[in-house]
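If you want the building blocks of each chain, they are given just below.
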Amino acid sequence: MLTRGTDVLTGAAAERRAVPGFVAYNLETAQAVAAAAELAGAPVLLQAGSSAFRHTGRDALVELALGVARRSAAPIGVHLDHSRDPEEAAACIAAGYTSVMIDGSHLPFTENVELTRAVVRRAHDAGVWVEGELGAIAGDEDVSTDASGGTMTDPGQAAEFVAATGVDALAVSVGNVHGFTSAPVRLDLDRLADIHELVPVPLVLHGASGLPEEQLLGALDRGVAKVNVNAELRRAYLTAVADRLPEALPASDTVATWAAGRGAVRDTALRIIRLLGRAGTEPAP
Ligand code: 13P
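Reading the values: rules and limits
Residues numbered from 1 in each chain as written. Predicted model: local features only at pLDDT ≥ 70, side-chain atom pairs only at ≥ 80, totals over all residues. Heavy atoms only, no water. UniProt positions renumbered as here; feature names shortened; annotations may be inferred. 1 Å grid on protein atoms, 1.4 Å probe; cavity = no way out; pocket = protein on both sides within 12 Å on 5 of 7 lines; lining within 4 Å. Helix = DSSP H or I, 4+ residues; strand = E, 2+ residues; numbered from the N terminus. Buried < 20%, exposed > 50% of the residue type's maximum accessible area, 1.4 Å probe, protein only. Contact = heavy atoms within 4.5 Å. Polar contact = N/O pair within 3.5 Å; in protein donor to acceptor, adjacent residues only side chain to side chain. Salt bridge = Lys/Arg side-chain N within 4 Å of Asp/Glu carboxyl O. Near = heavy atom within 4 Å. Sits in = over half its atoms within 2 Å of the grid points.

Peer 1: Is there a simple way to think about the UniProt feature "binding site: Zn(2+) 1" (unreviewed entry) in the protein chain in this case?
Peer 2: Here the UniProt feature "binding site: Zn(2+) 1" (unreviewed entry) sits at His82, His178 and His206. Spatial clustering of the annotated residues is evident: they stretch over 125 residues in sequence, but the largest pairwise C-alpha distance comes to 11.8 Å. Restricting the annotated residues just mentioned to those that line the largest cavity leaves His82, His178 and His206. Examined against the element boundaries, His178 turns out to sit in the loop between β6 (169-172) and α8 (189-198).

Next comes the structure, spelled out in structure tokens:
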């Protein structure tokens, strides 16, 4: 079922848990995310957007993600990831998305505020919550290259940004990197704690793939209530498909190949949902 509103975030924040934001580019990945949420009995965010639209076309992926979420027994929010375009955000809101990210992190502060505030107004009128970003996250969202670019979020500016824009969640840059990296990533947890101290909304951590477990849990103890995962699902999908291909190719068995990818993504997503739900771990007091 489609779940609306910020309760999913604020509930997680209150218990030092996080809701996963899983990126899906195709049907099998979206179905795998829904299946994992059903097995865990936990809410998830299905992120279908902005860069993936270049691959599928917007309407096709929007309808696919909303359809999978509506048909699922688990509560699923459908979220637009990393959009720089207010018209794209408006189209997703009109189509029925439950949340959108407007990413003005490449802009000077005042322009980021203006862009984000305009999307917040439109989204809130439709009952849709908004994630903004301040400080730019390093790396590429779709292809794991390695850390490049990136500027850290300033805690004081983050508080000003949230107050000026009215965003419901804030994506921060604290050493996190999109995709897998050759050297292990270390988050600046002190900076994250400072941001959490000053910012009244749940924080979002992008770039969770490959992040050591204790770093991830450290972030959950410092206000992170949404964690984005993409590359780890892509790797699970591609590895399973590659393993299956030698057997599948002679018979041109596409169905078995896609099903193998879907199963691997489901298992990976389920492990992450349990980790972020702190199943088997003790939240810090
Ligand atoms: P990863 O690819 O590192 O999991 O990052 C995903 C992400 O942040 C999507 O916005």
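Peer 1: Just to check I follow, could you spell out the environment of Ala89 for this structure?
Peer 2: Along the chain, Ala89 falls in helix α5 (residues 86-95). When its relative accessible area of 1% is taken as the criterion, Ala89 is described as buried. The sequence separation of Ala89 and Val68 amounts to 21 residues, and the corresponding C-alpha distance is 20 Å. Discounting chain neighbours no more than four positions away, the residues touching Ala89 are Leu80, Ser83, Val100 and Val119.

Peer 1: I would appreciate a short explanation of unusual backbone geometry in the present structure.
Peer 2: Across residues other than glycine, the phi torsion is negative in most instances, and most of the peptide bonds are trans. Backbone geometry at His82 places phi at a positive 45°, although glycine is not the residue there. The topology assignment puts His82 in strand β3 (residues 76-83). In this structure His82 comes out as buried when scored by relative accessible area, which is 7%. For Ser252, which is not glycine, the phi dihedral falls at a positive 50°. In this fold, Ser252 is placed in the loop between α10 (231-248) and α11 (254-276). Looking at Ser252, the relative accessible area reads 59%, which means it is exposed.

Peer 1: How should I be thinking about the environment of Asp103 in this particular structure?
Peer 2: Looking at where Asp103 falls in the secondary structure, it is placed in the loop between β4 (99-102) and α6 (109-125). Apart from the residues within four sequence positions on either side, Asp103 is in contact with His82, Ser83, Arg84, Leu115 and Glu133. Separated by 2.9 Å, the side chains of Asp103 and His82 make a polar contact. Looking at Asp103, its side chain comes within polar contact range of the side chain of Ser105, at 2.6 Å.

Peer 1: Whenever I open this one, the pattern of salt bridges confuses me. Can you help?
Peer 2: If the charged atoms of two oppositely charged side chains come close together, the side chains can form a pair. According to the stated counting rule, one finds nine salt bridges in the structure shown. As a salt-bridge pair, Arg278 and Asp221 come within 2.9 Å of each other at their nearest N and O atoms. Separated by 57 residues along the polypeptide, Arg278 in the segment after α11 and Asp221 in the loop between α9 (213-220) and β8 (224-229) bring together distant segments of the chain. Note on accessibility: Arg278 and Asp221 belong to one class, buried. Among the salt bridges present, the one from Glu247 reaches Arg244, with a minimum N-O distance of 3.7 Å. In this pair, Glu247 and Arg244 are both assigned in helix α10, three residues apart and thus about one turn of the helix distant. When its relative accessible area of 28% is taken as the criterion, Arg244 is described as partly exposed. Residues joined in a network through salt bridges with shared partners are Arg16, Asp221 and Arg278.

Peer 1: For this particular structure, what's the right way to read the site of the ligand?
Peer 2: With respect to spatial proximity, 14 residues lie near the ligand, and among them Asp81, Gly179, Gly207, Ser209 and Asn230 are the closest. Here an oxygen atom of the ligand and a side-chain polar atom of Ser209 are 2.5 Å apart. Between Ala231 and the ligand, the recorded distance is 2.9 Å, taken from a backbone N or O atom to an oxygen atom. Because more than half of its atoms lie within 2 Å of the grid, the ligand is assigned to the largest cavity. Those elements giving two or more residues to the shell around the ligand turn out to be β3 and β8.

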